[in-house]
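For reference, the chains in residue letters:
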Amino acid sequence: MDKFKSFKSKGLTLLEMLLVVLIVALLVSIIYLVSSSVLESTRQARCMNHLYQIGVAIKMFQEDHGRLPGWLFDLYPHYISSLDIFICPSDPKPWPVNPAKGEFVSYIYHNWGDTPPPKEAEIKDWVPWSKALQMRGDQFPIVVCPHHPNCFIVLRLNGSIEKVSPKILPSGGSEWL
């Protein structure tokens, strides 16, 4: 009888099974965290590429017309060939400008001119375009993408693109210029 005891199969104990499940869950969570941060980095890089293309198109428009475009869709189709450039990869629901023509936009374009916005817009501390340019010069943010966690991606008037972390002000607003 003692000969056959060595051939008896041993199963996993409950503790061993829980340990295996815990290790697998830990590995899955690590892979998820790494892959989600890599995906967001990829979306930010694509967004910066879109802003670069918009910046080049704005410069070409400015050279041709002697002024900045009134809105971003003035660049299409002569300076930008695809409407997808106006949509940030991280924006799940872009703003419909003209859905019938397929015109959607994710980016905020700051060329409001010297005319004050309508009162319904509820824009605090509005500054005329000419004064903003005097204050900031070519560092003025002309196109902004607010769709990334913990940062804005900004295209400045001089063509530079950067990630900017907003500073939360004591008043509850934020400052990122």
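Just so you know, these numbers come straight off a predicted model, no measurement behind them.

A.B. asks: Residues and numbers for unusual backbone geometry, please.
C.D. replies: Omega for the bond connecting tyrosine 76 with proline 77 falls within 30 degrees of zero, at 0°, which places this linkage in the cis form. Positive phi is not limited to glycine here, since asparagine 150 has a value of about 65°. Tracing the backbone through its elements, the reader meets asparagine 150 in the loop between β4 (141-148) and β5 (151-156).

A.B. asks: Kindly report on helix α1 (residues 14-65), identifying the contributing residues and their values.
C.D. replies: Along its 52 residues, α1 runs 75 Å from first to last C-alpha, staying within 8% of the 76 Å computed at 1.5 Å per residue. Against the buried residues of α1 lie β3 (108-109), β4, β5 and β6 (161-164). Directly after α1, the chain includes glycine 66, whose backbone phi takes a positive value near 75°.

A.B. asks: Any details on the pattern of salt bridges? Residues and values, ideally.
C.D. replies: Under the counting rule described, the total for this entry stands at 2 salt bridges. Taking the shortest distance from any N to any O, the salt bridge between arginine 43 and glutamate 40 comes out at 3.2 Å. With arginine 43 and glutamate 40 both in helix α1 and 3 residues apart, the pair spans about one turn of that helix. With relative accessibility at 14%, the residue glutamate 40 sits in the buried group.

A.B. asks: Give me the confidence of the model for the protein chain: which residues, what numbers.
C.D. replies: Residues with a pLDDT of 70 or more make up 72% of the protein chain, whose mean pLDDT is 79. Mean pLDDT across the elements of the protein chain ranges from a minimum in strand β8 (residues 174-175), with 52, to a maximum in α1, with 90.

A.B. asks: Summarise the nonpolar core; cite the residues concerned and give the values.
C.D. replies: Ranked by internal contacts, the top residues of the largest apolar core, which has 25 residues, are Leu51, Ile54, Leu72, Leu75, Phe86, Tyr107 and Val143. Only α1, β4 and β5 provide two or more residues apiece to this core. Per-element tally for this core: the top contributor is α1, with 6 residues. Sequence-distant contacts of isoleucine 54, that is, excluding residues within four places in its chain, are made with Leu72, Leu75, Ile80, Ile85, Phe86, Tyr107, Val143 and Leu155.

A.B. asks: Go over the pairing of β4, please, and point to the residues and values.
C.D. replies: Most of β4 sits inside the fold, with 6 of its 8 residues counted as buried. Pairing of β3 with β4, which is carried by 2 bridges, proceeds in the antiparallel orientation. Among the inter-strand pairings, tyrosine 109 is bridged to a residue of β4, identified as valine 143. Relative to β5, β4 runs antiparallel, the two being bridged by 5 bridges. Bridging from a neighbouring strand, valine 143 pairs with leucine 155 of β5. Between β4 and β5, which pair antiparallel and follow one another directly, the connecting turn spans 2 residues, one of which, asparagine 150, has a positive phi of 65°.

Cut-offs used in this document
Residues numbered from 1 in each chain as written. Predicted model: local features only at pLDDT ≥ 70, side-chain atom pairs only at ≥ 80, totals over all residues. Heavy atoms only, no water. Helix = DSSP H or I, 4+ residues; strand = E, 2+ residues; numbered from the N terminus. Expected span 1.5 Å × (residues − 1). Contact = heavy atoms within 4.5 Å. Salt bridge = Lys/Arg side-chain N within 4 Å of Asp/Glu carboxyl O. Buried < 20%, exposed > 50% of the residue type's maximum accessible area, 1.4 Å probe, protein only. pLDDT = per-residue confidence, 0-100. Core = buried A, V, L, I, M, F, W, Y, C linked by side-chain atoms within 4.5 Å. Pairing = 2+ DSSP bridges.

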